[in-house]
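Structural features, examined
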Amino acid sequence: MSVQSASIGQSVKLADLALDPYPTYKKLRAHEPVAFVPAANRYLVTRYNDIVTLERDPETFSADESGSLMKRVMGHNLLRKDGAAHKRERTAIEPSLRPGVIRQHWVPVFQSIVDQLIDDFIADGETDLFGSFAGPCAALSLRAMLGLDTATHQDLQTWSQAMMDGTGNYADDPAIWARSDAAAAGVDAAIDEMIPYHRKNPNPSLISSMLHAEDPLTREEIGANVKVIIGGGLNEPRDAILTAVVGLLANPDQKQQVVADNKLWRPVFEETVRWVAPIGMYPRQTTRAVELGGVMLPEGAKLGVVLGSGNRDESVFDNPDRFDINRAKKPHIAFGGGPHFCAGAWVARAQVGEIALPTLFHRIPDLAFAEKPVTWAGWVFRGPTSVPVKWNA
Ligand code: HEM
């Protein structure tokens, strides 16, 4: 590694990553694939193969990060636990997210949510899909899956954003803590309202699964896990829906192809989350000194696992910056890997790839970009923040 290239990590600015992280990732992959980035106070791991290697060794690369702000905001949930403690909580939520349950129970729920949302704006001839479609679709679907029937979709979206802002509040801003604490209290109140119902009436929802598991979760564990699922199961499907719309409208030949052949919605979904990984980065911490990507990491080193970069690694994906539903099939890493591999992967595929996108493009075949610009933001979480579209109503 040259002296010049070793300084790339030092000069990375978080504001640049939030605007467009991909040029920086490309430089890091080429010259400094495991780079200490002072602005993020962690080593960023940007190559696909190093990420896969790390995920195969959860004993060395722990998810239980010390000083985790996520634990402060949400409580100690399954995403920050290792080994048997993690497995116990993961086992408790799994019955709600099995392919059979998704097909029988959640798919009809998702379909009716999507139909209703489109009914509400189809006569308008224009909309911003962020606020009218993708956000409420993800929030209403998640509300149903959690079993938080008394919350509104606006509640869920506000709680999700406030808690995610809290988990990133390294500046210790008291206003952000106040909002994230209020959000956590709102989630707790909504859970307490619903627990008596779910206790009496076992059903496919996540809260019911946690209560009725063979080894039931405590109220505290339920609270922490519902919060992490609101933080992690809402923005990602929303961002995947919007990213797919942008990818297809910007590539009309690919849009034509998928509208003519329903089987292609699955490749659309997979290519979407490869192209722009909704969770762009997540943390790990070393439990011992270890070498990764040619760099000797000390025990206790904090890492940022940059899925958004691994998914654009040119040694794995040809022409990686291009959205291409016809690319050669190679496994992307948008759902992570190892024991924390996304528990909602099949639900997300159904919600986004089988229901939301096909229904939107079939009901509005002439969907097109409006004259206003599409905007994007983020690197830890990344997606469009505005997708203005129009059609002939
Ligand atoms: C396109 C949509 C989604 C993407 C890209 C995504 C991505 C991810 C990733 C990368 C992780 C691993 C994080 C880490 O290891 O630190 C994860 C974990 C998780 N996801 Fe998702 N997710 C999506 C949708 C969902 C949905 C809809 C749900 C719930 C209904 C969900 C529930 C979870 C849970 C519970 C975990 C923690 C698993 C564990 O610790 O064992 N996800 N997700």
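First, a word on scope: everything that follows refers to the structure included in this document. Within each chain, residues carry numbers counting from 1 in the order of the written sequence. Owing to the predicted nature of the model, reporting of local features is limited to residues with pLDDT of at least 70; listing and counting of side-chain atom pairs is limited to 80 or more, with chain, interface and lining totals taken over all residues. Heavy atoms from the whole structure form the basis of all side-chain values; hydrogens and water molecules are not counted.

**Things to note about the overall build of the chain**
Going along the chain from the N terminus, every DSSP run of H or I of four or more residues is numbered as a helix, and every run of E of two or more is numbered as a strand. Counting its regular elements, the chain contains 17 helices and 12 strands. Throughout, radius of gyration means the C-alpha value; the globule benchmark is 2.2 Å times the number of residues raised to the power 0.38. Relative to a compact globule of 393 residues, whose C-alpha radius of gyration would be 21 Å, the chain shows 21 Å and is just as compact. Principal axes of the C-alpha set define a box for the chain whose edges measure 60 × 50 × 40 Å. Across the 393 residues of the chain, 55% fall into the buried class. Whether two residues are in contact is decided by their heavy atoms: any pair within 4.5 Å suffices. Partitioning the intrachain contacts of the chain with sequence separation of at least 6 by distance along the chain shows that 69% fall at a separation of at least 24. Calculation of accessible area relied on Shrake-Rupley with a 1.4 Å probe; when residues are assessed, cover is drawn exclusively from the protein chains displayed. Summed over its atoms, the accessible surface of the chain is roughly 16,700 Å², and 55% of this surface lies on carbon and sulfur atoms. Using a 1.4 Å probe on the protein chains alone, a residue whose accessible area is under 20% of its type maximum counts as buried, one over 50% counts as exposed, and one in between counts as partly exposed.

**Remarks on the pairing of strand β8 (residues 302-305)**
Should DSSP find at least two bridges between two strands, the strands are taken to pair. As defined by bridge partners, strand β2 (residues 42-45) adjoins β8 across three bridges and the pair is classed as parallel. Following the sheet pairing, L44 is matched in β8 by G304. Sheet topology places strand β5 (residues 282-286) next to β8; four bridges connect them, and they run antiparallel. Residue pairing for β8: Y282 is matched across the bridge by V305.

**Digging into helix α14 (residues 252-260)**
Looking at α14, one finds that the buried residues are Q254, K255 and V258. Each buried residue of α14 lies within a common arc of 100 degrees when the element is viewed along its axis, so the set occupies one face. Those residues of α14 that are exposed and angled more than 90 degrees off the buried face are P252, D253, Q256 and A260. To obtain the arc, one takes the directions from the helix axis to the C-beta atoms.

**Quick notes on the packing of helix α7 (residues 99-121) against helix α8 (residues 129-146)**
Convention adopted: a line fitted to C-alpha atoms gives each axis, helices being fitted over their contacting stretch, and angles between N-to-C directions are expressed from 0 to 180 degrees. The interhelical angle for the contact between α7 and α8, taken along N-to-C directions, is 155 degrees, at an axis separation of 10 Å. Considering their axes alone, α7 and α8 lie roughly antiparallel with respect to each other. For the pair α7 and α8, the sense of crossing is right-handed. Within the contact between the two elements, α7 uses W106, V109, F110, I113, V114, L117, I118 and F121 and α8 uses L129, S132, F133, P136, C137, L140, S141, A144 and M145. When grouped by side-chain class, the residues that make up the contact of α7 with α8 number 15 nonpolar, two polar and no charged. Each angle is binned into one of four classes, with values under 35 degrees roughly parallel, values over 145 roughly antiparallel, values of 65 to 115 roughly perpendicular, and all other values oblique. Should the near helix be turned anticlockwise from the far one by less than a right angle, the crossing is left-handed, and should it be turned clockwise, the crossing is right-handed. Classification convention: Asp, Glu, Lys, Arg as charged; Ala, Val, Leu, Ile, Met, Phe, Trp, Tyr, Cys, Pro as nonpolar; all other residues, Gly among them, as polar.

**Some points on the packing of α8 against helix α9 (residues 153-167)**
Following both chains from N to C, one finds α8 and α9 inclined at 95 degrees, their axes separated by 9 Å at the closest point. Regarding the angle of α8 to α9, the classification is roughly perpendicular. Judged by residue contacts, G135, P136, A139, L140, L142, R143 and L146 of α8 engage H153, L156 and Q157 from α9. Considering only residue class, the contact of α8 with α9 consists of six nonpolar, three polar and one charged.

**Remarks on the coordination of the iron atom of the ligand**
Only nitrogen, oxygen and sulfur atoms qualify as donors, provided they sit within 2.8 Å of the metal or within 3.2 Å for Na, K and Ca; with water excluded from the atoms, sites may seem incomplete. Just one protein atom coordinates the iron atom of the ligand, and that atom is C342 (SG), at 2.3 Å. Mapping C342 onto the fold places it in the loop between α16 (307-310) and α17 (345-363).

**Notes on the side chain of H86**
Mapped onto the fold, H86 is located in helix α6 (residues 83-93). Residue class for H86 comes out buried when judged on its relative accessible area of 5%. Throughout this description, a polar contact denotes any pair of N or O atoms lying within 3.5 Å of each other; where both atoms belong to protein, one of them has to be capable of donating a hydrogen while the other can accept it, and for residues adjacent in sequence the pair is counted only when both atoms sit in side chains. Among the polar contacts listed, one links the side chain of H86 to the side chain of H340, at a separation of 3.4 Å. Setting aside residues up to four positions removed in sequence, H86 forms contacts with L78, K81, P339 and H340.

**Overview of the environment of A189**
With respect to the helices and strands, the residue A189 is situated in helix α10 (residues 174-200). Accessibility expressed as a relative area gives 43% for A189, which makes it partly exposed. Counting along the chain gives 38 residues from A189 to A151, while the straight-line C-alpha distance between them is 9.8 Å.

**Let's talk about the side chain of S309**
Summarising the element assignment, S309 is placed in helix α16. Classification of S309 by relative accessible area gives buried; the value is 0%. In contact with S309, other than residues within four places in its own chain, are Y25, R29 and T46.

**Section: the sheet that holds strand β12 (residues 388-390)**
As summarised here, the arrangement of the three strands in space is β4-β12-β9, forming an open sheet in which the pairing is antiparallel. The sheet terminates laterally at β4 (126-128) and β9 (368-369), the two strands that pair on one side only. One ladder, built from two bridges, connects β9 with β12; its direction is antiparallel. Note on β12: the bridge partner recorded for A368 is K390.

Just distances and angles here, no functional claims.
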